[in-house]
Amino acid sequence: MVIVIIIIALLLLAGLIYVLARNGIIRLRNQCDEAWSGIDVQLKRRHDLIPNLVESVKGYASHERETFERVTQARAAAMQAQGPEQASQAESQLTAALGGLRVVAEQYPQLRATENFQQLQRQLSELEDEIQAARRIYNSNVQQYNTRIQQFPGSIIANQGGFTPKPFFEITEPGDREVPQVSFSETTPPPATA
């Protein structure tokens, strides 16, 4: 009789551990999804601001058609992107295109002096900061979720329950991953000592 009670207690304990582990994985997955929706909201706000910025610059630099087309195409691609992987690639291209637009704007001091342009630039800068904050939250949640489904006993539950790793969200700007070139070929004479 005691052996039966011990077996039942062990089965109940194993069942409790299974339920708690599965619920923990589900909670982390839902946190990732919720964090992604925060990024998605910020990206949509960014996409809505870009046409105003382009129109503002267009009034001063109408001959920069190629730059405007690049920004417009990159924005359209970013708006159609689904999920972190596609959005990551599309947003990186949009960020690069916006860099080209900023270069054009730098050539026109009158444009940079207008209140409308300054306000749009400020809003875009604030949005970039909010996107970065949302990205950090999302990536932190993804890291916790991915770790949980790769560790024991979560790995067994994840395989059985169809839980798959989630991708991180990264927006890279051109040149972010390039190593700066340092050259010591031109040497300066050492300072004279007194």
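See the structure shown above.
Note that the structure is a prediction, hence the values are computed from the model and not measured.

Conventions used here
Residues numbered from 1 in each chain as written. Predicted model: local features only at pLDDT ≥ 70, side-chain atom pairs only at ≥ 80, totals over all residues. Heavy atoms only, no water. Helix = DSSP H or I, 4+ residues; strand = E, 2+ residues; numbered from the N terminus. Buried < 20%, exposed > 50% of the residue type's maximum accessible area, 1.4 Å probe, protein only. Contact = heavy atoms within 4.5 Å. Core = buried A, V, L, I, M, F, W, Y, C linked by side-chain atoms within 4.5 Å. Axes fitted to C-alpha atoms, helices over the stretch in contact; angles between N-to-C directions. Parallel < 35°, antiparallel > 145°, perpendicular 65-115°, else oblique. Left-handed = near helix turned anticlockwise from the far one by under 90°. Nonpolar A, V, L, I, M, F, W, Y, C, P; charged D, E, K, R; others polar.

Turning our attention to the overall build of the protein chain. A count of helical and extended segments in the protein chain gives 6 helices and 0 strands. Each helix and strand of the protein chain, placed in order from N terminus to C terminus, yields the pattern α-α-α-α-α-α. Burial status across the protein chain gives 32% buried among its 194 residues. Here the contacts in the protein chain between residues at least 6 apart in sequence split such that 77% fall between residues at least 24 apart.

Bringing the nonpolar core into the picture now. Membership of the largest hydrophobic core comes to 44 residues, with the highest contact counts inside it found for Val 57, Leu 98, Leu 101 and Phe 169. For this core, the secondary structure elements donating two or more residues are helix 1 (2-58), helix 2 (65-80), helix 3 (83-106), helix 5 (115-150) and helix 6 (154-161). Here this core gets 13 residues from one element, more than from any other, and that element is helix 1.

This part covers the environment of Ile 149. Along the polypeptide, Ile 149 turns up in helix 5. Note on Ile 149: relative accessible area 7%, which makes it buried. Linking Ile 149 and Ile 25, residues 124 residues apart in sequence, is a C-alpha distance of 7.0 Å. The residues touching Ile 149, leaving out its near neighbours within four places in the chain, are Ile 25, Gly 154, Ser 155, Ala 158, Phe 163, Thr 164 and Pro 165.

What follows covers unusual backbone geometry. A cis geometry characterises the amide bond from Phe 152 onward to Pro 153, with omega recorded as 0°. Mapped onto the fold, Pro 153 is located in the loop between helix 5 and helix 6.

Turning our attention to the packing of helix 1 against helix 3. Where helix 1 contacts helix 3, the axes come no closer than 12 Å and their chain directions differ by 25°. Classified by the angle between their axes, helix 1 and helix 3 sit roughly parallel to one another. Of the two elements, helix 1 crosses helix 3, and the hand of that crossing is left-handed. Residues Trp 36, Leu 43, Arg 46, His 47, Ile 50, Leu 53, Val 54 and Val 57 of helix 1 form the contact with helix 3, whose own contacting residues are Gly 83, Pro 84, Ala 87, Glu 91, Leu 94, Thr 95, Leu 98, Leu 101, Val 104 and Ala 105. For the contact of helix 1 with helix 3, the per-class residue count stands at 13 nonpolar, 3 polar and 2 charged.

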